[in-house]
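Chain by chain, the residues run as shown.
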Amino acid sequence: MPCLRSSSTAEPFVLEDGHLPVPRIPGIGTEPLPQALRRFTTARRDLYEGHAGR
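Residues numbered from 1 in each chain as written. Predicted model: local features only at pLDDT ≥ 70, side-chain atom pairs only at ≥ 80, totals over all residues. Heavy atoms only, no water.

Novice: What is the right way to read unusual backbone geometry from this model?
Specialist: Across residues other than glycine, the phi torsion is negative in most instances, and most of the peptide bonds are trans. One non-glycine residue with positive phi stands out, namely Asp17, at about 55°. Checked against the element boundaries, Asp17 lands in the loop between strand 2 (13-14) and helix 1 (34-40). You can call Asp17 exposed: its relative accessible area is 77%. (Helix = DSSP H or I, 4+ residues; strand = E, 2+ residues; numbered from the N terminus. Buried < 20%, exposed > 50% of the residue type's maximum accessible area, 1.4 Å probe, protein only.)

Novice: What is the right way to look at the environment of Pro21 in this model?
Specialist: Relative to the assigned elements, Pro21 resides in the loop between strand 2 and helix 1. Here Pro21 falls in the partly exposed class, since its relative accessible area comes to 35%. The contact partners of Pro21, leaving out residues within four places of it in the chain, are Val14 and Glu16. (Contact = heavy atoms within 4.5 Å.)

Keep in mind these values describe shape, not function.
Okay, here's the thing in structure tokens:
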């Protein structure tokens, strides 16, 4: 199977019949590399700030 290699993810994206399949679980189908996240992150915020139990 052909694959798309990215310097931002741990595993390559695998093409099926020339298409990138939709993951069966939440997310993009592969883990982003921590150094890529640091490189592309411009800001951070807590989405659950002030909500107890989250």
